[in-house]
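Listed below are the residues making up each chain.
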Amino acid sequence: MSDTVPASWAKVLDPVLSQPAARKLGGWLRAEEEAGKAIYPPRGTRLRALELTPLEAVKVVILGQDPYHGPGQAHGLCFSVQDGVALPPSLKNIFAELAEDCGIAPAAGGNLESWARQGVLLLNNTLTVENSKAGSHAGKGWEAITDACVAAVAERDEPCVFILWGSHAQGKAARIAALREGGPHLLIKSPHPSPLSAYRGFFGSKPFSRANAFLVEHGRGAVDWRLPGS
């Protein structure tokens, strides 16, 4: 794990990264790359979510599982794709719910950096994946790092919204003792936006307007969910 940790997250992550498991993860990733395996996203972008959204700026957390595993898709933000890349099905469904919820027309592109710059932490549970092998880097050591990120947000006094799509994201949040119902934060739970589950309750869940209502009520300011071209 060679990417530089942004300064605002260093106090949180340095203790985790000093552990043998993190060093083992870094060595394993180097060995996989040296063996010629394509790993996404590329080095230098794996901590992009933390770079764009400093800890003290986090207002909303959206948790994904692992990066997109196709060439040129992943760039360090969950559910986001680089400019010019076709929208994956889950992102299409996210945009459809955004349109129904807030009246925002779907954008042509799926780059969500504008959300991240407004305080939306777009964090995957596992921050790398092998080409064409979804879930291939699960259990290799990333989970302790991303757990620490979620815990750091949950432990802050500033009210924050956790948007938890699917059982995987909900399970991750449930393991964080500081993240609790009745605390300073809002948990918005629904099925995953995947085509396999979106019609089971993701559509109609209104996560975007509910998040903004909570943020405004608590003096943190609404997120502008519009993207360029929407």
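Higher on the page you've got the structure.
Residues numbered from 1 in each chain as written. Predicted model: local features only at pLDDT ≥ 70, side-chain atom pairs only at ≥ 80, totals over all residues. Heavy atoms only, no water.

J.: Summarise the side chain of Glu130; cite the residues concerned and give the values.
T.: Its place among the elements puts Glu130 in strand S4 (residues 129-130). We classify Glu130 as buried; its relative accessible area is 12%. Among residues more than four places away in sequence, those in contact with Glu130 are Glu32, Lys37, Ala38, Ile39, His69, Ser136 and His137. (Helix = DSSP H or I, 4+ residues; strand = E, 2+ residues; numbered from the N terminus. Buried < 20%, exposed > 50% of the residue type's maximum accessible area, 1.4 Å probe, protein only. Contact = heavy atoms within 4.5 Å.)

J.: Give me the lowdown on the sheet that holds strand S3 (residues 120-124), citing residues and values where you can.
T.: Sheet architecture is open: four strands sit in the order S3-S2-S5-S6, paired in parallel fashion. Unpaired on one side and paired on the other, S3 and strand S6 (186-190) mark the two borders of the sheet. Between one strand and the next, the sheet's axes are offset by a mean angle of 20°, whatever the strand orientation. Note: strand S2 (residues 60-64) against S3, five bridges, orientation parallel. From the neighbouring strand, Ile62 faces S3, where its bridge partner is Leu122. The sheet strands contacting helix H6 (residues 142-154) are S2, S3 and strand S5 (161-165), and the helix crosses S3 at an angle near 155°. (Pairing = 2+ DSSP bridges. Axes fitted to C-alpha atoms, helices over the stretch in contact; angles between N-to-C directions.)

J.: Lay out the packing of helix H1 (residues 7-17) against H6 with the relevant residues and their values.
T.: In the contact formed by H1 and H6, the axes pass within 10 Å of each other and the chain directions differ by 145°. Between H1 and H6 lies a crossing of right-handed hand. Contact with H1, carried on its side by Trp9, Val12, Leu13, Val16 and Leu17, involves Ala144, Ile145, Ala148, Cys149, Ala152 and Val153 of H6 and no other residues of that element. Considered class by class, the residues forming the contact of H1 with H6 number 11 nonpolar, no polar and no charged. (Left-handed = near helix turned anticlockwise from the far one by under 90°. Nonpolar A, V, L, I, M, F, W, Y, C, P; charged D, E, K, R; others polar.)

J.: Could you give an account of the environment of Glu51, naming the residues involved and the relevant values?
T.: With respect to the helices and strands, Glu51 occurs in helix H3 (residues 48-52). Owing to a relative accessible area of 34%, Glu51 belongs among the partly exposed residues under this scheme. Distance in space between the C-alpha atoms of Glu51 and Pro6 is 5.6 Å, their sequence separation being 45 residues. Setting aside anything within four residues of it in sequence, one finds Glu51 in contact with Pro6 and Gly44.

J.: Explain the packing of aromatic side chains to me, and be specific about the residues and the numbers.
T.: Applying the stated criterion across every chain yields a total of eight aromatic pairs. With 4.9 Å between their ring centres and 90° between their planes, Trp115 and Trp225 make a pair best called edge-to-face. Here Trp225 lies in the segment after helix H8 (207-217) and Trp115 lies in helix H5 (residues 113-116), a separation of 110 residues in the sequence. Trp225 matches Trp115 in its accessibility class, with the two residues each being buried. (Phe/Tyr/Trp six-rings, centres within 6.5 Å; stacked < 30°, edge-to-face > 60°.)

J.: How would you summarise the pattern of salt bridges if you had to cite specific residues and measurements?
T.: This model, assessed by the stated rule, comprises 10 salt bridges. Glu32 is the partner of Lys37 in a salt bridge, and the nearest nitrogen-oxygen pair spans 3.0 Å. Owing to a relative accessible area of 34%, Lys37 belongs among the partly exposed residues under this scheme. For Glu32, a relative accessible area of 12% translates into the label buried. The partner of Arg46 in a salt bridge is Glu33, and the shortest N-O contact between them spans 2.7 Å. Residue Arg46 is located in the loop between strand S1 (39-40) and H3, and its partner Glu33 is located in helix H2 (residues 20-34); the two are separated by 13 residues in the primary sequence. We classify Arg46 as buried; its relative accessible area is 4%. Glu33 sits in the partly exposed class, given a relative accessible area of 23%. Within this structure, Arg48, Glu51, Glu113 and Arg117 form a network of salt bridges that share partners. (Salt bridge = Lys/Arg side-chain N within 4 Å of Asp/Glu carboxyl O.)

J.: Which residues make up the pairing of S3, and what values go with them?
T.: The element S3 is extensively covered by neighbouring structure, given that five of its five residues are classed as buried. Neither face of S3 is open: one carries Val120, Leu122 and Asn124, the other Leu121 and Leu123, and all of them are buried.

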